[in-house]
Amino acid sequence: MEPIREDPALGPVIETHGELAVGTADDPFRRLVVAVVNQQLSVESAAAIRERLFDAVAVTPAGILAAEESTLRDAGLSASKAEYVRNVARAFRERDLTPAGLSAATDDDAIAALTEIRGVGVWTAKMYLIFVLGRPDVFPVEDLGVRQAMAELYGFATDDRVGMREHAERWRPYRSHATRYLWRAVD
């Protein structure tokens, strides 16, 4: 992780927060559902909905597919997100989207496989690559927190995704790790 440690802005964040792992989640399906729930919501809103959902239904492919629409909606899911989590459940039943099933896939191929699911966009797929597949070199410039950190630490305009991507090239092959520190920098 030398490219990150040597970065004048991220080096101090590493010193403050210590080693932040990029690893695999215990339950890939649940983690993808969490990523779908988190889409375009504040951290607080997403946490509240996630808690209600996990209390209301078994967060497994079978549990999500068996749940009444009203139960999903009462947990706080919009009609679209209820559809999306059901799409994820069907995809998990039909394909092996686990770390083992995607182990031979490149990052781009894994993103393509995940974004075939209606409701799973590039941001969600990249969260899956970082937090489920444990891929070390993913840069989710689509993430608002990443863009805010890049603006704060490096002076980028929050809409300068091209500049941010170019800047992040210096962190290869550890851009997932750099992302974790960018989030910490603005937390």
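Residues numbered from 1 in each chain as written. Predicted model: local features only at pLDDT ≥ 70, side-chain atom pairs only at ≥ 80, totals over all residues. Heavy atoms only, no water.

**Let's talk about the overall build of the chain**
Heads up, the rule is: Secondary structure counts use DSSP, requiring at least four H or I residues in a row for a helix and at least two E residues in a row for a strand, with both numbered from the N terminus. Here's how the labels work: a residue is buried when its accessible area is under 20% of the maximum for its type, exposed when over 50%, partly exposed in between, all with a 1.4 Å probe on protein chains only.
Per the secondary structure count, the chain includes 12 helices and 0 strands. Along the chain, helices and strands appear, N-terminal first, in the series α-α-α-α-α-α-α-α-α-α-α-α. Overall, the C-alpha framework of the chain stretches about 50 × 35 × 30 Å when taken along its three principal axes. Across the 187 residues that make up the chain, the buried fraction comes to 47%.

**Details of the pattern of salt bridges**
Test applied: What counts as a salt bridge is simple: a side-chain nitrogen of Lys or Arg found within 4 Å of a carboxyl oxygen of Asp or Glu.
This structure, assessed with the given rule, holds 10 salt bridges. The closest approach of N and O atoms between Arg86 and Glu69, which form a salt bridge, is 3.8 Å. On the criterion of sequence distance, the pair formed by Arg86 in helix α7 (residues 79-94) and Glu69 in helix α6 (residues 69-74) is long-range, its members being 17 residues apart. A salt bridge links Arg95 to Glu116, with the shortest nitrogen-to-oxygen separation between them at 3.4 Å.

**So, the layout of surface pockets**
Under the convention used in this document: Only protein atoms enter the calculation, which uses a 1 Å grid: trapped sets of points that fit a 1.4 Å probe without letting it out are cavities, open sets showing protein on both sides within 12 Å along at least five of seven lines are pockets, and any residue with an atom within 4 Å of a point is a lining residue. Grid points are joined across faces, edges and corners, and a volume is the space filled by probe spheres set on the points. Three classes are used, and their members are as follows: Ala, Val, Leu, Ile, Met, Phe, Trp, Tyr, Cys and Pro are nonpolar, Asp, Glu, Lys and Arg are charged, and the others, Gly among them, are polar.
Of the voids in this model, the largest pocket is the one considered here, and its volume is about 870 Å³. Lining the largest pocket are 29 residues, and of these Leu41, Val43, Trp123, Asp143 and Trp183 lie nearest its centre. Going through the elements one at a time, α3 (28-38), α4 (43-56), α9 (122-131), α10 (144-154) and α12 (175-186) are the ones with two or more residues in the lining of the largest pocket. As a volume, the second largest pocket reaches approximately 190 Å³. In this structure, the second largest pocket is lined by Asp107, Asp108, Ile111, Lys126, Asp137, Val138, Phe139, Arg165, Glu169, Arg172 and Arg175. When residues of the lining of the second largest pocket are assigned to their parent elements, the largest contribution, 3 residues, is made by helix α8 (residues 107-115). A class-by-class count of the residues in the lining of the second largest pocket yields 3 nonpolar, no polar and 8 charged.

**Quick word on the packing of α3 against α4**
For clarity, the threshold we go by: Axis definition: a line fit to C-alpha positions, over the contact stretch in the case of helices; interaxial angles, taken between N-to-C directions, run 0 to 180 degrees. Any angle that is under 35 degrees is reported as roughly parallel, and any over 145 degrees as roughly antiparallel; angles of 65 to 115 degrees are reported as roughly perpendicular and all others as oblique. Helix crossings get a hand from a simple test, with the near helix turned counterclockwise from the far one by less than a right angle marking a left-handed crossing and a clockwise turn marking a right-handed one. We call two residues in contact whenever any of their non-hydrogen atoms come within 4.5 Å of each other.
Their axes nearest at 9 Å, the elements α3 and α4 cross at an angle of 135 degrees. Taken together, the axes of α3 and α4 are oblique relative to one another. Handedness of the α3/α4 crossing: right-handed. Across the interface between the two elements, Arg30, Val33, Val34, Val37 and Asn38 from α3 touch Ala46, Ile49, Arg50, Leu53 and Phe54 from α4. When the residues that make up the contact of α3 with α4 are grouped by side-chain class, the tally is 7 nonpolar, 1 polar and 2 charged.

**What to know about unusual backbone geometry**
Across residues other than glycine, the phi torsion is negative in most instances, and most of the peptide bonds are trans. Cis peptide bonds are those with omega within 30 degrees of zero, and the linkage from Arg172 to Pro173 qualifies with 0 degrees. Along the polypeptide, Pro173 turns up in the loop between α11 (161-168) and α12. A positive phi angle, close to 55 degrees, is found at Gln40, a residue other than glycine. Tracing the backbone shows Gln40 in the loop between α3 and α4. Look at Gln40 and you get exposed, because its relative accessible area is 84%.

**Side note on helix α2 (residues 10-17)**
In plain terms, the rule: Arc, as used here, means the arc of the directions from the helix axis to the C-beta atoms.
Leu10, Gly11, Val13 and Ile14 are the residues of α2 that are buried. For α2, the angular spread of buried residues about the axis comes to 160 degrees, placing them on one side. Structural note: α2 exposes Glu15 and Thr16 on the side pointing more than 90 degrees away from its buried face. Structurally, α2 contributes buried residues whose contacts are with α1 (2-5), α10 and α12. Looking one or two places after α2, you find Gly18, whose phi comes out positive at around 70 degrees.

Keep in mind these values describe shape, not function.
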